[in-house]
Amino acid sequence: MGTLVLGLLTLSGLCALLALLLEAAHAVFTDYGPCRISINDGAKELSVKGGGRLLGTLMDQGIFIPSACGGRGSCGLCKVRVLEGGGPLLPTETPYLNAEETANGTRLSCQVRVRTNIVIHIPEAFFLIKEFRTRVVGLRPLTPSIKEVHLKLLDPSEIVFKPGQFIQFYVPEYAGSPEPVYRAYSIASPARLKSEIKLVITRVERGVATTYIHTLLKEGQEVRINGPYGDFYLRPSDREMIMIGTGSGLAPLMSILYQMADEGIDRPCTLYFGVKSRADLFYQEEIRELAQKLPRFRYVPVLSQPLPDDQWDGETGFVTDAVARDVKDGSQMEAYLCGNPLMIDAAVKLLTQRGLTEDRIFFDKFN
Amino acid sequence: MESSLNAPVIFFASIFTNNILLANFLGMCSFLAISRELPSAVGLGTAVTFVMTCTTALNYLVYHYLLVPFDLVHFRFIAFIIVIAAFVQLVEMLIDRYSPRFYVVLGVFLPLITVNCAILGVCLFMVIRKYNFIQSVAYGFGGGLGWLLAITALAGIREKIKKAPIPKALEGPGISLIVAGLMALSFMAFSGMIHVG
């Protein structure tokens, strides 16, 4: 008995000693003192506490760089040009940078540590990105695994975005996640409604953010978002449009369709919406209403695994199979794709074979 | 009774005749995962060598001046792992702070080897074979160099093998394990020169 207690005490003592040592080392060695960040040739000067990652440091100062993975270095979106003080390029960044970007000093801001005064260059549009306080005013299950989250903007009270763009949703720390994370979701509501937005969120198995949103988020709760981000939006032209969406990838396409209805943009447009079975279809009523306002709009739902009970007589197979059957010559078309990466890769391959050039294919990949 | 071998012999043996990777098959996971390209294999091998040398010395002190006097030797697994993990974290912080260039080469690999079993293995063998301090450090340093030698050789072979017509079913880890086995066989040629523990 005595041995056991003594053993536990000694081991605990050793652990405590090492933990203290590490804490002390952390306090001493990761404190870089105050640093200055100069943005776009002095357009903005920030004085910050050194030692953190550039992405997080800028975010604390109200400058939001797009990032979908929450700073883990796996999405490659948070690129900024670091002109001075970024330190050497890390092996964790090289997979996301091409030769031109490497040459002009582009870095992943989630990997660069602020150690000294730093000079960076970011696109002007990033200054327009803001953080919003919002309140959950509606939570509606759209399918067994997809929820619509309806947010009312509190401060600032209005958001200006291009239909098709996305925002980042702040998930605080909770039992399923030891640290707060940000996740990107497309806006599904029309841009004319400036004081509210709707998001369409699929529950992902073991997904940190989607689990939180599906199980813990309650009506009336305040949440933080920032945005808008992204270059997935309607390009002005008269070309015939193909829209392909799978699952919650329908969200940005809905926003674009609302824009076309609101602004009277009359273009031939076919929406292919791919899901597994009838129960996974959603926004059917909304799409029907849009179809009445858009004279040259056509809607093609495609089920990959219709159940016997579904009594489905529409298109079946992968959504790209339905597109392949319909589209023979795509050389005069323009395509907007949103959904899972496998579908997008397959669709881009198919559409280029049918004569669409890559500069007319726009997509938003969900990871 | 202490081991009677002198330090240079132990050092030589831990590289060739008793290579921790090829004779004991410890540290296989990072050996297979990071051996696709030569530069990262050398980086990881160097990091292992450094950590192994330092942690055998540290763990020698912990074992003989803390665990033995308090009659806690049966807790050596836990104690050794804690010391290794703390040391690796500390070194990563130091390198990150003082040598960003070195961090790129070595530092990024450090978190990968916190739980490398070769490092724990060397510390445990040191106890089992009753080495003294000098012998332990020689063994740790040699063990690390042996690991570096093995992973460098495997990475070199794997870079060449990329262009070889390998049966579909053996691509990737399959062929790497076979290569590692053949390397172990060839290292067995050294055995018999020295007999350790």
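Residues numbered from 1 in each chain as written. Chains lettered and ligands numbered in written order. Predicted model: local features only at pLDDT ≥ 70, side-chain atom pairs only at ≥ 80, totals over all residues.

So, about the overall build of chain B. When helices and strands are counted, chain B shows 8 helices and 0 strands. Listing every helix and strand of chain B by position from the N terminus yields α-α-α-α-α-α-α-α. Per-residue burial over chain B gives 40% buried out of 197 residues. For chain B, the share of sequence-separated contacts (at least 6 apart) that also reach a separation of at least 24 residues comes to 81%. (Helix = DSSP H or I, 4+ residues; strand = E, 2+ residues; numbered from the N terminus. Buried ≥ 20, exposed ≤ 12 C-beta atoms within 10 Å, placed from the backbone. Contact = placed C-beta atoms within 7 Å.)

Helix and strand content of chain A: 8 helices and 17 strands. Taking all 367 residues of chain A together, the buried fraction comes to 35%. Contacts spanning at least 24 positions in sequence make up 70% of the contacts within chain A whose residues lie at least 6 apart.

Here we take up the sheet that holds strand β14 (residues 297-303) of chain A. Residues and elements named next belong to chain A. Sheet architecture is open: 6 strands sit in the order β15-β14-β13-β12-β16-β17, paired in parallel fashion. What marks the edges here is a single partner per strand, and that holds for β15 (315-316) and β17 (361-365). Both strand β16 (residues 333-339) and β17 contribute to a ladder of 5 bridges, which runs parallel. Residue pairing in the sheet places Y336 in a bridge with F362 of β17. Strands in contact with helix α5 (residues 250-263) are β12 (240-246), β13 (269-275), β16 and β17; relative to β16, the strand with the most contacts, it is inclined by about 135 degrees. (Pairing = 2+ DSSP bridges. Axes fitted to C-alpha atoms, helices over the stretch in contact; angles between N-to-C directions.)

On the chain B side, the residues contacting the 19 residues of chain A number 18 residues. Each residue belonging to the side of chain A that touches chain B can be placed in one class, and the counts come to 12 nonpolar, 7 polar and no charged. (Nonpolar A, V, L, I, M, F, W, Y, C, P; charged D, E, K, R; others polar.)

All names here are of chain A. The omega angle of the peptide bond from D155 to P156 is -10 degrees, so this bond is cis rather than trans. Along the chain, P156 turns up in the loop between β7 (146-155) and β8 (166-171). With an omega dihedral of -5 degrees, the bond running from G227 to P228 counts as a cis peptide bond. As for its position among the elements, P228 is in strand β11 (residues 222-229).

Glancing now at the nonpolar core. M243(A), I244(A), L253(A) and Y272(A) are the most contacted members of the largest nonpolar core, which totals 64 residues. At 7 residues, the largest contribution of residues to this core is made by α5(A). Not counting residues up to four positions away in its chain, the partners in contact with I244(A) are Y272(A), V319(A), V323(A), A335(A), L337(A) and A347(A). Membership of the second largest hydrophobic core comes to 53 residues, among which are L22(B), A41(B), V122(B) and A180(B). (Core = buried A, V, L, I, M, F, W, Y, C linked by C-beta atoms within 7 Å.)

All names here are of chain A. Ordered by their spatial adjacency, 6 strands build an open sheet running β9-β8-β11-β6-β7-β10, and the pairing between neighbours is antiparallel. With one partner strand each, in any of the chains shown, β9 (181-186) and β10 (196-202) form the two edges of the open sheet. Each adjacent strand pair in this sheet contributes to an overall mean axis angle of 40 degrees, direction not counted. Two elements, β8 and β9, share 6 bridges in a ladder whose sense is antiparallel. Its bridge partner being in β9, V171 is matched across the sheet by V181. On top of the sheet, helix α4 (residues 208-215) reaches β7, β8, β9 and β10; it is set at about 75 degrees to β8, its chief contact.

A few words now on the pairing of strand β5 (residues 118-121) of chain A. Here is the key point about a regular strand: its side chains alternate between the two faces of the sheet. Residue and element names in this part refer to chain A. Burial of the side chains of β5 is restricted to one face: I118 and I120 are buried, whereas none of V119 and H121 on the reverse face is. Alignment of strand β1 (residues 34-39) against β5, held across 3 bridges, turns out to be parallel. Residue pairing for β5: S38 is matched across the bridge by V119. Sheet topology note: the strand β3 (residues 79-84)/β5 ladder contains 3 bridges and is antiparallel. Bridge pairing links R81 to H121 in β5.

Before going further, it helps to examine the confidence of the model for chain B. Scored by pLDDT, chain B comes out at a mean of 87, with 98% of its residues at no less than 70. Within chain B, the lowest mean pLDDT, 74, falls on helix α5 (residues 100-105) of chain B, and the highest, 93, falls on helix α7 (residues 133-161) of chain B. (pLDDT = per-residue confidence, 0-100.)

Here we take up the environment of D262(A). All names here are of chain A. Within the secondary structure layout, D262 lies in helix α5. The exposure class of D262 is partly exposed, given the 13 C-beta atoms found within 10 Å. Here the alpha-carbon distance between D262 and P190, two residues 72 residues apart in the chain, equals 8.6 Å. Each residue touching D262, except ones within four places of it in the same chain, is listed here: P190 and R192.

Residues separated by three or four positions in an α-helix point in the same direction, a consequence of the helix having 3.6 residues per turn. All names here are of chain A. Relative to the 20 Å expected for 14 residues at 1.5 Å per residue, α5 spans 20 Å between its end C-alpha atoms, a close match to the ideal helical length. Of the residues making up α5, those classed as buried are L250, A251, P252, L253, M254, S255, I256, L257 and Y258. Downstream of α5 by a residue or two, G264 has a phi angle that is positive, lying close to 65 degrees. (Expected span 1.5 Å × (residues − 1).)

Before going further, it helps to examine the packing of helix α6 (residues 117-128) of chain B against α7(B). Residue and element names in this part refer to chain B. Across the interface, α6 lies against α7 with an axial gap of 10 Å and an inter-helix angle of 150 degrees. Considering the angle they form, α6 stands roughly antiparallel to α7. Crossing of α6 over α7 shows right-handed handedness. Listed contacts from α7 to A118, V122 and M126 of α6 are S136, Y139, G140, G143 and W147. In terms of residue class, the contact of α6 with α7 is made up of 5 nonpolar, 3 polar and no charged. (Parallel < 35°, antiparallel > 145°, perpendicular 65-115°, else oblique. Left-handed = near helix turned anticlockwise from the far one by under 90°.)

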